[in-house]
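Understanding the architecture of this molecule
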Amino acid sequence: MLKKGGTIAAYKARSEKIEAEMEAVHSMIPDYKKIALTVPFLEDHERNLVVVKKI
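Every chain is numbered independently, its residues counted from 1 as its sequence is written. In view of the model being predicted, local features appear only for residues whose pLDDT reaches at least 70, and side-chain atom pairs are presented and counted only at 80 or more, with totals across whole chains, interfaces and linings using the full set of residues. Side-chain numbers come from the whole structure's heavy atoms, not from hydrogens or water.

A short note on the overall build of the protein chain
Only DSSP runs of H or I covering at least 4 residues are called helices, and only runs of E covering at least 2 are called strands; the numbering of each starts at the N terminus. Within the protein chain, the secondary structure is distributed over one helix and three strands. Shown N-terminal to C-terminal, the secondary structure of the protein chain runs as helices and strands in the order β-α-β-β. With the C-alpha coordinates of the protein chain rotated into their principal frame, the extents come out at 35 × 20 × 15 Å. Scored against the burial criterion, the 55 residues of the protein chain give a buried share of 16%. Contacts are residue-level and defined by heavy atoms, with any inter-residue pair within 4.5 Å sufficient. Long-range contacts, defined here as pairs at least 24 residues apart, represent 58% of the contacts in the protein chain between residues at least 6 apart. In this charge count, Lys and Arg are treated as positive and Asp and Glu as negative; neither His nor the chain ends contribute. Where a charge lies is defined by one atom per residue type: Lys uses NZ, Arg uses CZ, Asp uses CG and Glu uses CD. Averaging the positions of the 10 positive and the 8 negative side-chain charges in the protein chain gives two centres separated by 11 Å. Exposed residues in this analysis have more than 50% of their type's maximum accessible area, buried residues have under 20%, and partly exposed residues fall in between, with area computed by a 1.4 Å probe over protein chains only.

Quick word on the sheet that holds strand 1 (residues 7-12)
The sheet built from three strands is open, its strands ordered 1-3-2 with antiparallel pairing. The outermost strands of the open sheet, each flanked by one partner alone, are strand 1 and strand 2 (33-37). Averaged over all adjacent pairs, the angle separating strand axes in this sheet is 20 degrees, with direction ignored. What makes two strands pair is DSSP finding at least two bridges between them. Strand direction decides the pairing type here: strand 1 and strand 3 (residues 47-53), joined by six bridges, are antiparallel. Along strand 3, the bridge assignment pairs alanine 9 with valine 51. Lines fitted to C-alpha atoms define the axes, with helix axes restricted to the stretch in contact, and inter-axis angles between N-to-C directions lie between 0 and 180 degrees.

Here's the deal with helix 1 (residues 15-24)
Listed in full, the buried residues belonging to helix 1 are Ser15, Ile18 and Met22. Relative to the axis of helix 1, the buried residues are bounded by an arc of 60 degrees and lie together on one face. The exposed set on the far side of helix 1, more than 90 degrees from its buried face, consists of Glu16, Glu23 and Ala24. Considering only its buried residues, helix 1 is in contact with strand 1, strand 2 and strand 3. Within this analysis, the arc is defined by the directions that extend from the helix axis to the C-beta atoms.

Here's the deal with the environment of proline 40
Structurally, the position occupied by proline 40 is in the loop between strand 2 and strand 3. As for proline 40 and alanine 20, which are separated by 20 residues in sequence, their C-alpha atoms are 26 Å apart.

What to know about the pattern of salt bridges
By definition here, a salt bridge exists when the distance from a side-chain nitrogen of Lys or Arg to a carboxyl oxygen of Asp or Glu is within 4 Å. Considering all chains together, one arrives at two salt bridges under this definition. Put simply, lysine 12 and glutamate 21 hold a salt bridge, and the shortest N to O gap is 2.9 Å. Exposure remark for lysine 12: the relative accessible area of 26% places this residue in the partly exposed category. Measuring nitrogen to oxygen at the nearest pair gives 3.6 Å for the salt bridge that ties glutamate 16 to arginine 14. Of the residues examined, arginine 14 reaches a relative accessible area of 49% and is grouped as partly exposed.

So this is what it looks like as structure tokens:
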């Protein structure tokens, strides 16, 4: 659903869950970038930003 040349960013939690989800859609989305975030008041919880670009 992502337009050619478009970018989508998703706020996600644990790395393990991200990896499992992205592996499931690997044929459609072969590459993505995961950026670790520090969120105020959630320092004890893992948060990530997943960025997908469609070339």
